[in-house]
Amino acid sequence: MILDEIIEKTKEDLQRRKIEIPLDLLGRSLASNPYAPRDVKKYLTSTKEEPVRIIAEVKKASPSKGIIKEDFDPLAIAQEYSANGANAISVLTEPHYFKGDLEYLTQIRRYVPTPLLRKDFIVDKYQIVEALVYGADFILLIAKALSTKELKELYEYALYIGLEVLVEIHDKEDLTKAMKCGANIVGINHRNLDTFEMDMQLCDKLIPMIPNGKIIVAESGVSNTETIKRLSSIGADAFLIGEHFMRVPSIKDELETFKNAIN
Ligand SMILES: O=P(O)(O)OC[C@@H](O)[C@@H](O)c1c[nH]c2ccccc12
């Protein structure tokens, strides 16, 4: 089970980081933190004027595809996303399977005004404080990787320290968990994190079960305007797109096309 394996590795790393910089010390750096997290919900809610919201992902590699982008310059990619209408930027910080780095967050936050998602496998409050310290505006919590109790605790802690949360679901059971913790932003991941199988019909199944008023993010495998049009029409507010942007010749052209998919 790849998800379990990643979580195990994440926990190992975490033990080490907690010894290097204990939580109270990490928390202390917040006193001089120049960054206040933005109200992410405003950026991700679809409106008449701007129906398609895009979370563009800075992604070097993945366990299903290996290295996606060889000449990887996270800051340059984020700047291009920001300059061309991305509503938020997802920064993978998981180092082993996705070749991410927490430092990318800080680097990008310094120069890029767009809200940032810390995309990682968060299982501990320590990682949520890290997200804030390193400059994130919101975090990802994966329902499948957490019990209802854990999800609720981490969710509430993030809100308490001022970060929004994207709660990722993959099936009805995950959705129940997400609703129990009162999630406002729900991500439907087309990719099964254990088998890597894609189900591009997942939104059709799950969106009708989500109460009104939630922000819905369609995640993974989105690579054309047809998909964006279709998923928008059934209620998706935002689209989380990584691999496709990493492979196209012009991020600018692609982002513009996607942002204007409905008009
Ligand atoms: O590169 P894609 O297929 O456009 O997918 C982006 C994003 O949805 C994907 O990276 C992702 C969704 N949920 C995750 C959880 C952990 C790591 C990665 C992910």
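Residues numbered from 1 in each chain as written. Predicted model: local features only at pLDDT ≥ 70, side-chain atom pairs only at ≥ 80, totals over all residues. Heavy atoms only, no water.

For the chain, the name recorded in an unreviewed UniProt entry is Indole-3-glycerol phosphate synthase, with Malaciobacter halophilus as its organism. In its Catalytic activity (unreviewed entry) section, UniProt records this for the chain: "1-(2-carboxyphenylamino)-1-deoxy-D-ribulose 5-phosphate + H(+) = (1S,2R)-1-C-(indol-3-yl)glycerol 3-phosphate + CO2 + H2O". The Sequence similarities (unreviewed entry) comment attached to the chain in UniProt states, word for word, "Belongs to the TrpC family." (UniProt positions renumbered as here; feature names shortened; annotations may be inferred.)

**Student:** Could you give an account of the environment of asparagine 224, with specific residues and numbers?
**Tutor:** Residue position: asparagine 224 is located in the loop between strand S9 (215-219) and helix H10 (225-233). Separated by 33 residues in sequence, asparagine 224 and threonine 257 have C-alpha atoms that sit 9.0 Å apart. Within the structure, the side chain of asparagine 224 is placed 3.3 Å from the backbone nitrogen of glutamate 226, a separation counted as a polar contact. (Helix = DSSP H or I, 4+ residues; strand = E, 2+ residues; numbered from the N terminus. Polar contact = N/O pair within 3.5 Å; in protein donor to acceptor, adjacent residues only side chain to side chain.)

**Student:** Hey, could you go over the pattern of salt bridges for me, with residue numbers and the actual values?
**Tutor:** Pairing between side chains of opposite charge can happen when their charged atoms approach one another. Overall, the coordinates contain 23 salt bridges when judged by the stated rule. The partner of glutamate 50 in a salt bridge is lysine 259, and the shortest N-O contact between them spans 2.5 Å. Residue glutamate 50 is found in the loop between helix H3 (40-44) and strand S1 (53-58), and its partner lysine 259 is found in helix H12 (residues 251-259); the two are separated by 209 residues along the sequence. What makes glutamate 50 partly exposed here is its relative accessible area of 28%. One salt bridge in this structure joins lysine 119 and glutamate 57, with 2.6 Å as the shortest N-O distance. (Salt bridge = Lys/Arg side-chain N within 4 Å of Asp/Glu carboxyl O. Buried < 20%, exposed > 50% of the residue type's maximum accessible area, 1.4 Å probe, protein only.)

**Student:** Please set out the environment of alanine 178 residue by residue, giving values where relevant.
**Tutor:** Residue position: alanine 178 is located in helix H8 (residues 172-180). For alanine 178, a relative accessible area of 0% corresponds to the buried category. In the structure, alanine 178 is positioned 47 residues away from threonine 225 in sequence and 28 Å away in space, judged by C-alpha atoms. Those residues in contact with alanine 178 that lie beyond four places of it in its chain are Leu151, Val167, Ile169 and Ala183. (Contact = heavy atoms within 4.5 Å.)

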